[in-house]
Amino acid sequence: MIRKFAPFVVFMGLILFLSCPSSTNAATPPDPTEQLRPFMDRIVSILTDPELMGDENCIQRRDKVMKVASERFDFDEMSKRVLGKEWRKLNDDEKKHFVALFTKLLEHAYIGKLEDYSKQKVVFKGQRIKNNRAQVMTDVVDKDVVISVSYILLLDSSVWKVYDIVVEGVSLVRNYMEQFKGILRKNGYAILLKQVEDKVSELEQGIGKPCPVDISEKKDA
Amino acid sequence: MMLRVVLYIFIVTFSLGLGNLWLPTPVLGADEAVDFLSDDFYSEDAESYLFNDPLEPVNRIVFIFNDTLFIWVMEPVATFYSNVVPGDLRGCFDSFFRNLQEPVRFVNTLLQGRFSDSLDVLGRFVINSTLGIYGLADAAGRDFGIAPIEATLGETLENWGVGDGFYLVIPLFGPSTFREITGDVVDAMGMTPYYSWTDDLWVASTIYVGKETNKLSLHLGEYEEWTKLLFDPYVSFRNAYFQYRRTARDRSRGAEYRLKAIEDVSPAE
């Protein structure tokens, strides 16, 4: 069970990067895989850029990745979905606040981990389109281990944006939604917000360290 | 002797129908695959994720117990082990244990009527036991492109209409349900060869711990990486368990391939 989650982290980031803008014909929906692929390449190129290599460039590298990611990740849609019915009760400022926090959470949680995974191979397996949504299926191959990762996308004026990542059948959004639902029911929105704020500041403390701990050596072992 | 007794207790309990007391048969039809592009998937009361957790307070205690044990005992042991034994060798041990379980999977694919999977499992077992040298290498996967196949008694029982019963967190084992753990125990004790080599519970436990330590040594650090991002790890693992199992079963039934590649494509705007 545990190992299914690690790649999650990775891919989330990867996906973020995938989505560099590409011009498309407005009449027919663009091809989701064709949009995702260059985005992935772009992430890898940041991660393997010699000028950005090394621990001392860690924060700069992460910022770059995050900047590209925000173009292709639909953090609004993700936040809306993880909150479920609660979302509709929030006013615009509250929504904005939550989106900013949740984006931070994803940033610290996932983007920092991308580098360990940049060496893995991604195989595009196929795609499904339903109205303005699409699922792009990939396999992440790391030595003998194959992990299936799907990106769930929403079409936003000719740009496919990721709003969920499904690793080995486990949807990230659905998983967070389930956790939040319990907290909302028991303690209400104010407490949930506080917990998210605490978590984010906890993760931000970690960023003060020179760089995320390199776990690649353990993975190679 | 001890093992047999435990086994019989499980079978008898099961045949009494306890597994069905708490939850009826699966809520979604066997042909209906999880569709991530459907709004139902994200609806808060999506039926596919109905589950029963009447023992939540107890389960939470076991969850914390497992978590503590994992971080303070199992992972340090596995870390030490991984420093002593080279990674390639640990990969071989993992394949070895997996290969010994292929006969169990073979029987379960037959019981589920997945005959082409049965052939694949059989093929894997024959190739890996010979060319793969007692299963130490996955020659079938690497050289013949036969992907690993999963099939458990829990899945067989599900196909036969037996409900999950209720969610259970098992000490030293993790998330399961009444039906699944029953199936796993029968699979392990009844049919997996290395547990029937001995009647001694200690020997069987040692094999189990050795096998799991080896597996863990291949995934060090991943558990903490994941859990530190969670708000309620208990709920997260419960949800992930049901999601993962559902998709895995869709796959083994071929259901996910029946989802249409393109539906109602509307213009971009």
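Residues numbered from 1 in each chain as written. Chains lettered and ligands numbered in written order. Predicted model: local features only at pLDDT ≥ 70, side-chain atom pairs only at ≥ 80, totals over all residues.

Draft legend 1. Molecular detail of the overall build of chain B. For chain B, the count of helices and strands is 14 helices and three strands. Per-residue burial for chain B yields a buried fraction of 32% across its 269 residues. (Helix = DSSP H or I, 4+ residues; strand = E, 2+ residues; numbered from the N terminus. Buried ≥ 20, exposed ≤ 12 C-beta atoms within 10 Å, placed from the backbone.)

Draft legend 2. Structural context of the overall build of chain A. Helix and strand counts for chain A come out as ten helices and five strands. Per-residue burial for chain A yields a buried fraction of 43% across its 221 residues. Once local pairs closer than 6 in sequence are excluded, the contacts in chain A between residues at least 24 apart make up 61%. (Contact = placed C-beta atoms within 7 Å.)

Draft legend 3. Representation of the pairing of strand 1 (residues 121–130) of chain A in the model. Residue and element names in this part refer to chain A. With nine bridges connecting them, strand 1 and strand 2 (residues 133–142) associate as antiparallel partners. Following the sheet pairing, glycine 126 is matched in strand 2 by methionine 137. Hairpin connection of strand 1 to strand 2: two residues between the antiparallel strands, including asparagine 131 at a positive phi of 50°. (Pairing = 2+ DSSP bridges.)

Draft legend 4. Inspection of the pairing of strand 2 of chain A at higher detail. Here strand 2 of chain A pairs with strand 3 (residues 145–156) of chain A via ten bridges, running antiparallel. Along strand 3 of chain A, the bridge assignment pairs Val141(A) with Val146(A).

Draft legend 5. Broad picture of the packing of helix 8 (residues 172–187) of chain A against helix 14 (residues 233–253) of chain B. Two numbers describe how helix 8 of chain A lies on helix 14 of chain B: the axes approach to 9 Å, and their chain directions differ by 140°. Between helix 8 of chain A and helix 14 of chain B, the crossing angle belongs to the class labelled oblique. Two packed elements cross with a definite hand, and for helix 8 of chain A against helix 14 of chain B that hand is right-handed. On helix 14 of chain B, the residues touching Arg174(A), Asn175(A), Glu178(A), Gln179(A) and Gly182(A) of helix 8 of chain A are Val235(B), Ser236(B), Asn239(B), Ala240(B) and Gln243(B). Here the residues of the contact of helix 8 of chain A with helix 14 of chain B sort into two nonpolar, six polar and two charged. (Axes fitted to C-alpha atoms, helices over the stretch in contact; angles between N-to-C directions. Parallel < 35°, antiparallel > 145°, perpendicular 65-115°, else oblique. Left-handed = near helix turned anticlockwise from the far one by under 90°. Nonpolar A, V, L, I, M, F, W, Y, C, P; charged D, E, K, R; others polar.)

Draft legend 6. Helix 6 (residues 102–111) of chain B, seen in detail. All of the buried residues in helix 6 of chain B are Glu102(B), Val104(B), Arg105(B), Phe106(B), Asn108(B) and Thr109(B). After helix 6 of chain B finishes, the residue Gly113(B) shows a positive phi value of roughly 70°.

Draft legend 7. Highlighting the packing of helix 2 (residues 32–47) of chain A against helix 3 (residues 58–72) of chain A. Residue and element names in this part refer to chain A. Across the interface, helix 2 lies against helix 3 with an axial gap of 10 Å and an inter-helix angle of 170°. As judged from the angle between their axes, helix 2 and helix 3 are roughly antiparallel. Contacts between helix 2 and helix 3 involve Phe39, Arg42, Ile43 and Ile46 from the first element and Arg61, Lys64, Val65, Val68 and Arg72 from the second. Looking at side-chain class alone, the contact of helix 2 with helix 3 contains five nonpolar, no polar and four charged residues.

Draft legend 8. Representation of the environment of Glu204(A) in the model. Within the secondary structure, Glu204(A) sits in helix 9 (residues 189–207). It is 29 Å that separates the C-alpha atoms of Glu204(A) and Glu168(A), two residues lying 36 residues apart in sequence.

Draft legend 9. View of unusual backbone geometry. All names here are of chain B. Within the chain, isoleucine 133 stands out as a residue other than glycine whose phi angle is a positive 55°. Take isoleucine 133: it is sitting in the loop between helix 7 (115–130) and helix 8 (139–144). Even without glycine at this site, leucine 172 takes up a positive phi of about 65°.

Draft legend 10. Up close: the confidence of the model for chain B. All names here are of chain B. For chain B, per-residue confidence averages 78 on the pLDDT scale, and residues scoring 70 or more make up 76% of the total. Per-element averaging of pLDDT across chain B places helix 2 (residues 18–21) at the bottom with 48 and strand 1 (residues 167–170) at the top with 92. Confidence over residues 19–31 falls short of pLDDT 50; this stretch has 30 contacts with residues more than four positions distant or in other chains. Interface confidence for the predicted complex, given as ipTM, is 0.75, next to a pTM of 0.77. (pLDDT = per-residue confidence, 0-100.)

Draft legend 11. Here's a closer look at the confidence of the model for chain A. Residue and element names in this part refer to chain A. Considering every residue of chain A, the mean pLDDT works out to 78; 75% of them sit at 70 or more. Note that pLDDT drops below 50 for residues 19–26; the model gives that stretch 21 contacts with residues more than four away or on any other chain. Here residues 213–221 scores under 50 on pLDDT; set against residues more than four positions off or in separate chains, the count is nine contacts.

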